[in-house]
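# Observations on chain architecture
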Amino acid sequence: MKKISVMIVDDEKLVLEDLKTLVDWEALGFEIVATAFNGKQALEKFKTFLPQVVFTDVRMPFMDGLELIRRLRETAPEVCIFLLTAYEDFTYARTAIKYGVKDYVIKSTLDEVTFAQLLKKLFEDISRQNKLRDMLKTKQLLEYLELPDGEEGADHSGMYRKAYTYIVIEQDLPVVFTDDTVPEEMICSGKKIASIAVPEYMDESEMAAVSDLPGGRTLVILDIPEVSQKKITETVQAYAREIRQRLRTALGYSFTVYVADRKQTIAELKRLYRGAKECFRRKYLLGSGGIYSMISLPYTKGEQKNPAVDTGLIQNLTDSKDMDGIAQYLDVIYKEVEGSLDYHGLKQISRELFMLLKKNYAHLPKQMGQDFSTASNFSDWLDSRHIRAWFQRQFDTLISGKKKMQLGEYSRPVVLAMEYIFKHYQENTLSINEIADSVHLSIGHLCGIFKKETQKTVKGYITEVRIEEAKKLLEEGELKIYEVSLAVGYQSSQYFSQIFYKMTGTYPTNWQRDNRRL
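Residues numbered from 1 in each chain as written. Predicted model: local features only at pLDDT ≥ 70, side-chain atom pairs only at ≥ 80, totals over all residues. Heavy atoms only, no water.

### Remarks on the pairing of strand β2 (residues 30-36)
Judged from the six bridges that link them, strand β1 (residues 4-9) and β2 form a sheet pairing that is parallel. Following the sheet pairing, Met-7 is matched in β2 by Ala-34. For the crossover from β1 across helix α1 (residues 13-22) to β2, the handedness is right-handed. (Pairing = 2+ DSSP bridges. Helix = DSSP H or I, 4+ residues; strand = E, 2+ residues; numbered from the N terminus. Right-handed = clockwise from strand over helix to strand, strands pointing away.)

### Overview of the packing of helix α18 (residues 458-476) against helix α20 (residues 493-504)
Geometry of a packed helix pair, given as the angle between the helix axes and the separation of the axes. Running from N to C, α18 and α20 cross one another at 95°; their axes reach a closest spacing of 10 Å. Classified by the angle their axes make, α18 and α20 are roughly perpendicular. Residues Thr-463, Glu-464, Ile-467, Ala-470, Lys-471 and Leu-474 of α18 form the contact with α20, whose participating residues are Phe-496, Ile-499, Phe-500, Met-503 and Thr-504. For the contact of α18 with α20, the per-class residue count stands at seven nonpolar, two polar and two charged. (Axes fitted to C-alpha atoms, helices over the stretch in contact; angles between N-to-C directions. Parallel < 35°, antiparallel > 145°, perpendicular 65-115°, else oblique. Contact = heavy atoms within 4.5 Å. Nonpolar A, V, L, I, M, F, W, Y, C, P; charged D, E, K, R; others polar.)

### Observations concerning the environment of Asp-64
Assignment of secondary structure puts Asp-64 in the loop between β3 (53-57) and α3 (65-75). The class for Asp-64 is partly exposed, based on a relative accessible area of 29%. Along the primary structure Asp-64 and Asn-38 are separated by 26 residues, whereas in three dimensions their C-alpha atoms are 6.9 Å apart. Among the polar contacts listed, one links the side chain of Asp-64 to the backbone nitrogen of Leu-66, at a separation of 3.3 Å. (Buried < 20%, exposed > 50% of the residue type's maximum accessible area, 1.4 Å probe, protein only. Polar contact = N/O pair within 3.5 Å; in protein donor to acceptor, adjacent residues only side chain to side chain.)

### Side note on the nonpolar core
Counting 31 residues, the largest nonpolar core has Ile-421, Ile-435, Leu-446, Phe-450, Val-458, Phe-496 and Phe-500 as its most contacted members. When contributions to this core are tallied by element, the ones reaching two or more residues are α15 (412-424), α16 (432-438), α17 (443-454), α18, α19 (481-487) and α20. The dominant element in this core, judged by the number of residues it contributes, is α18, at seven residues. Once residues within four sequence positions are removed from consideration, Phe-496 is found in contact with Ile-467, Ala-470, Ile-481, Val-484, Ser-485, Val-488, Tyr-490 and Pro-508. Counting residues in hydrophobic clusters, the runner-up holds 30 residues, among them Val-309, Tyr-334, Ile-349 and Leu-356. (Core = buried A, V, L, I, M, F, W, Y, C linked by side-chain atoms within 4.5 Å.)

### Section: the pattern of salt bridges
On inspection of all chains with the given rule, the structure shows 14 salt bridges. Between Lys-335 and Asp-331 there is a salt bridge, with its nearest N and O atoms 3.4 Å apart. Of this pair, Lys-335 and Asp-331 both sit in helix α12 (residues 323-339), four residues apart, which is roughly one turn of the helix. (Salt bridge = Lys/Arg side-chain N within 4 Å of Asp/Glu carboxyl O.)

### Some remarks on the packing of aromatic side chains
Applying the stated criterion across every chain yields a total of 28 aromatic pairs. An angle of 65° between the planes, with centres 5.7 Å apart, marks the rings of Phe-177 and Phe-354 as edge-to-face. Of this pair, Phe-177 sits in the loop between β6 (163-171) and α7 (190-197) while Phe-354 is found in helix α13 (residues 343-361), placing the two residues 177 residues apart along the sequence. Per residue, the accessibility class of Phe-177 equals that of Phe-354, and both read buried. Ring geometry for Tyr-253 and Phe-378: centres 5.3 Å apart, planes at 55°, overall tilted. One end of the pair, Tyr-253, is in the loop between α8 (229-251) and β9 (255-265); the other, Phe-378, is in the loop between α13 and α14 (384-405), with 125 residues separating them in the sequence. The exposure class of Phe-378 is buried, given its relative accessible area of 6%. (Phe/Tyr/Trp six-rings, centres within 6.5 Å; stacked < 30°, edge-to-face > 60°.)

### Let's talk about the packing of helix α11 (residues 311-319) against α12
Where α11 contacts α12, the two axes come as close as 8 Å, and the packing angle between them is 155°. The pairing of α11 with α12 is recorded here as roughly antiparallel in orientation. Crossing angle aside, the handedness with which α11 passes α12 is left-handed. For the pair α11 and α12, contact is made by Leu-313, Ile-314, Leu-317 and Thr-318 and by Gly-325, Ile-326 and Tyr-329, respectively. Class assignment for the residues of the contact of α11 with α12 results in five nonpolar, two polar and no charged. (Left-handed = near helix turned anticlockwise from the far one by under 90°.)

### Observations regarding the sheet that holds β3
The five strands are arranged β2-β1-β3-β4-β5 in an open sheet whose pairing can be described as parallel. Each end of this open sheet is capped by a strand with a single partner; those strands are β2 and β5 (103-106). Strand-to-strand, the axes of this sheet are offset by a mean angle of 25°, without reference to chain direction. Where β3 and strand β4 (residues 80-85) come together, five bridges link them in parallel fashion.

### Concerning α15
Across its 13 residues, α15 extends 18 Å between first and last C-alpha, which sits within 8% of the 18 Å expected from 1.5 Å per residue. Considered for burial, the residues of α15 that qualify are Val-414, Val-415, Ala-417, Met-418, Glu-419, Ile-421, Phe-422 and His-424. (Expected span 1.5 Å × (residues − 1).)

Right, dumping it as structure tokens:
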């Protein structure tokens, strides 16, 4: 094996000479490629020689050891760094830990035996990490995990004897129950995920490697020192939370993270991963964006009941404009598939509901049509809970549309006027003159037939549409009263409150308090 390159940095010439001659570096697998007397000089030499290991003093002129470490971490996060320190510099050693220093060495206690032991352990660690990284670069791990049991071959046996802990990262993609697909540009590449996932502060000794996994997932292999199981679990969970947050912040999408916090070999991981593949779908029932244990995922199949949607009942509830009845029915059927962890059932009932929804919207004016593409509803279809809420909103909107339009009961000019009002009610400049022009009638003619057919004035209908839409926004509870006012076409929130009271008998604040969705 090629010798591991080393640079020693210390402003004391005697210390440099002692370290160079203290052990037989070459016999231990190392080669000293450079020495430096201060951090500034070391930084320049590092660019030339690119050593894999750096031993550096703390207190040096021009640039001290801590600044050197910080600068090295910016350009070469993979370099292995040891701190050379005296007893009185121990506080510096503690500070250096956050920069990912592998260990510190107290110069006054150095002797041939202890230093040789340190270098032997370092050689083993670097050799193992290099071997694993080389294996990942050539996709060898990916191929290994996909091989059927018993076909791995003897060549692999020695490569997977080391036990690690693992984190598996998966971007949350929507349940596709339509004929549409997830756009490629919304799917994050494994390379992008890997480049963002690992925190800068992660100790180099703890992160063995990052790799792609079958199924478009990303694997982080952690080489956590042998401590208590409680400490290992805490460390893995902390990294999992950090990784999930970093990815969401950087990429804007939700990610589910799975952890295997009990040390096991990669061969054991293969068996675990193969057994867990079907269970990865459980996040669609348990909730996307979480952190789950691969070891304790529910592996037994839930009771498969092949649930079906009573489309006749849903259609009757829609025709009778019974929003509460639809909400109760949706709650029952989705809780059933969640309770049985039935992913295929989730897709089945969602598809049936989707087809029924589209069929009903086809009878409404095109201005009231909804965007049912996967891209537009990406974050609403990530799991059962989100999908159920999405269908509830869609059926509420559908019923509101049916109430407003009452298609088939009015003449074409009146329907067109209603469509125009529904499309432009958010504009505070909307006027009867503008509506009359849109249907090619005089103001008098439009107002006359509108009143005759609907028993409402055009102005009164505009107000009705605005207040009904305001109710929905207030129920959702995401906007303040003045924001709701602007959203439905009223410049003055005070005037909006007066109109709302006149139409409903209560003020917007009271309505929101009594009707806000939990």
